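# Working through the structure, step by step
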Amino acid sequence: MRRTLIPFFAVLFAVVPFVPADILAQAAPQAASPAAVPADAPYKDARLPADRRVADLLSRMTLEEKATMLSGAGWMESAANDRLGIPAIKMADGPLGVRSWAGSSAITNLAGAPLKVLSTSFPSGVDMAATWDTELVQREGQAIAQEVKALGRDMILGPTVNINRVPLWGRNFEGYGEDPYLAARLGVAYVKGVQGEGVIPSVKHFAANNEEFERHRIDEQIDARTLHEIYLPAFKAAVEEGDAWTVMSAYNLVNGVHCGESKALLDEILKKELGFKGFVISDWGSTYSTASTVNAGMDMEMPGGATARAMIVSPRSQLSGNSGTWLAADKVLAEVKAGNISEARLNDNVGRILRVIFVSGLFDHPHTATGEVDTPAQQAVALQGATEGIVLLKNAGSLLPLDAKKIHSIAVIGPNAAVARTGGGGSSMVRPRYSIAPLDGIRTRATGVEVKYALGVGMEGEDPTQDTPEARAKALQEAVDAAAHADVAVVVVGRYSKLEAESFDVKTMDLAAGQDELIEAVEKANPHTIVVLNSGDPVTMTKWIAQTPALLEMWYGGQEGGHALAAILFGDANPSGKLPVSFPKKFEDSPASANYPGVNLKVNYAEGIYVGYRYYDTKNVEPQFPFGFGLSYTTFEYSDLKVTPSQSSGNELANVSLKVKNTGTRAGSEVVQLYVHDGHSKIDRPVRELKGFKRVELKPGETKTVGFTLDRSDLSYWSPEKKAWVADPGTFEIQVGASSRDIRLHAPLELKK
Ligand code: BGC
């Protein structure tokens, strides 16, 4: 039976809000049973606007066909429709390069897994964040998208923009650090890079996925202001500025409801408040109901089909709380027929998926696996990221950079020296064709220098033969001997993908077993010791930091990490990385330590907006190294700060300018940071909040003017009462500096009513 025109249009109008009414008026009535599709059906016409095509295609779909699109067809594919020519969206993890797409995370990361996809391993997210280089992150997104297409896929599951709330979150390495503004800028850059190539990104995990402990069951109590000021801005920016095509919901619960069925998060905040036009995809196995999930605003459940059915009955899923198959077509149809899901809602879900298939170009130009991966251009992006991301934390007596002509021997020591630890564990782990370990990089660079290697201590849990007291004593002694007979010792420590990974948190902020002792012993044997950390999180360093002359953090630098490290050690590149996360002295100093991992599966975000430097700087808790900190082999001088009210009639409030001069003898880049201080507000505010940053490249003696534009939102806080961003009139202070604790210049900014 054909539906009458009036109810159909009423339904369509209610459900695809972004389709203009005049276009809807042209839409054909919905077919109750499949009808032949003419070759010139409007949805096939690439010249027509996407929304017009969506309306046409929706009108040709049966209820069954629509319901089928709400869950995946397998582990990494959405449902295709051959009758109508709707392609499957072929996905791949993400976000640090293209990972194999068959099977679960646990299977595809293991050596010997059935499907090998070898692609460029880009630096970890936290490493890219340490570059503070939005242009580079955009190029990284573009390079990854090119690899996605080259491998015949359509969608990359990233970027990860969750905030580093606790130093122990197993996925801190994937994200962009502790600050919402920095995460927002980098998230937008990544999305733009990916979408510019016609590849679909997925901004994840919405929202507040900040610990892996019981990640399917943990219920986070977060107030509205904290959500808006800390955990949502990166998603907001990705949607509003990046026009992100998809967002992935998180596993955890927020305020008593699983994110995948949270109407408050998906429908009210993401779709209504932020105006998200794309589709929401569930994190893998995170649905718990049919009607409530669909009605909350979930558009596509992943995975689906037989893979999902097998996954949810596995002992692993039962144990962890993984759940799924709730949006399978038969279940959705039953709820539609029972009146619990409206056709309007279904049209909205499917319309969103179709729109992305059209706007991304996927419908008209399907990707076939014909391209090249791991090209020199992609490798160059990975190398630049790894190099710019290395943070020089200490350099007493200018031990660095090393002069290869003056040094005769180097001892390269440590469990992270000879193995390239390219990334943390889990679904972001990429298998590269090659990877450069620190030892490889140093050997290649230090021609003519004798390079000796010693393990020093086995990596905790990696090789049982290294774990006996005898083996440990022997390895330590060999390291001490190597260090004692070398001009310089480089000790590379940290963690690896089995200590720092998705699906569990890091056990302790302390370095893995025996590493503190190794550093202490090597430093005693050789005063010219450089400690290199390869980790995605801050580590405790109180036992040795006072004696350590030089310290670098190289995060997980991807396949080019070893080359990048050698370039920094020998001064071919000048360090310019800045910490995207504060390093506390000890875990107990960190703001959320008292409220982690939670009690009885509930975790209270009682520290509220006081995350990272917002806490350390406001409550006067001295960190080991502050947010935004990083040394260079040159020095920079800041001067002439000017804050002038903007003449523009738009949103702009003020223009800020200052001069930065390279006062040293080497070329280098400085990341100038702009913070806003609100001392007059009626409500409690952190002592400063990052609202701008710029990387400036300067030759020795060179001066450049750096400019920023501020608008009202940069001065605002989220008012739960008004459900809006509010800036209280009065005098703000604009602070400019080289870290959150190294404010070099400040000037007032008056906000009138
Ligand atoms: C992770 C996601 C990932 C998905 C698919 C989940 O376990 O949380 O980030 O994209 O698996 O592998």
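Attention here is on the structure that accompanies the text. Computed from a predicted model, the values in this text were never measured in an experiment.

### Some remarks on the pairing of strand E25 (residues 743–751)
- Inspection of the sheet shows strand E24 (residues 730–737) paired to E25 by eight bridges, in the antiparallel sense. Paired with Val736 across the two strands is Leu745, which belongs to E25.
- The hairpin turn running from E24 into E25, its antiparallel successor, is five residues long.

### Re the site of the ligand
- Around the ligand, a shell composed of 14 residues is seen, among which Asp93, Arg171, His205, Asp283 and Glu502 lie nearest.
- Glu502 places a polar side-chain atom, nitrogen or oxygen, 2.8 Å from an oxygen atom of the ligand.
- Coverage of the ligand by the protein chains reaches 98% of its 310 Å² of free accessible surface.
- Its residues placed into classes, the shell around the ligand shows five nonpolar, three polar and six charged.

### As for the sheet that holds strand E16 (residues 602–604)
- Across the sheet, which stays open at both edges, the four strands sit in the order E8-E7-E5-E16 with mixed pairing between neighbours. With partners counted over all chains shown, the strands left at the sheet margins are strand E8 (257–258) and E16, one partner each.
- By the bridge criterion, two bridges tie strand E5 (residues 219–221) to strand E7 (residues 253–254) in an arrangement that is parallel. From the neighbouring strand, Glu220 faces E7, where its bridge partner is Val254.

### What to know about the packing of helix H8 (residues 180–195) against helix H10 (residues 233–240)
- Packing of H8 against H10 brings their axes to within 8 Å, and their N-to-C directions diverge by 30°. Crossing geometry of H8 relative to H10 is assigned as right-handed. Where H8 abuts H10, its residues Pro180, Ala183, Ala184, Arg185, Val188 and Val191 lie against Pro233, Ala234, Ala237 and Ala238.

### Quick look at the pattern of salt bridges
- This model, assessed by the stated rule, comprises 50 salt bridges.
- For Glu212, the salt bridge goes to Arg215, with nearest N and O atoms at 3.3 Å.
- Given a relative accessible area of 1%, Glu212 falls into the buried group.

Parameters at a glance
Residues numbered from 1 in each chain as written. Predicted model: local features only at pLDDT ≥ 70, side-chain atom pairs only at ≥ 80, totals over all residues. Heavy atoms only, no water. Pairing = 2+ DSSP bridges. Helix = DSSP H or I, 4+ residues; strand = E, 2+ residues; numbered from the N terminus. Near = heavy atom within 4 Å. Polar contact = N/O pair within 3.5 Å; in protein donor to acceptor, adjacent residues only side chain to side chain. Areas by Shrake-Rupley, 256 points an atom, 1.4 Å probe, with all protein chains shown as cover. Nonpolar A, V, L, I, M, F, W, Y, C, P; charged D, E, K, R; others polar. Axes fitted to C-alpha atoms, helices over the stretch in contact; angles between N-to-C directions. Left-handed = near helix turned anticlockwise from the far one by under 90°. Contact = heavy atoms within 4.5 Å. Salt bridge = Lys/Arg side-chain N within 4 Å of Asp/Glu carboxyl O. Buried < 20%, exposed > 50% of the residue type's maximum accessible area, 1.4 Å probe, protein only.

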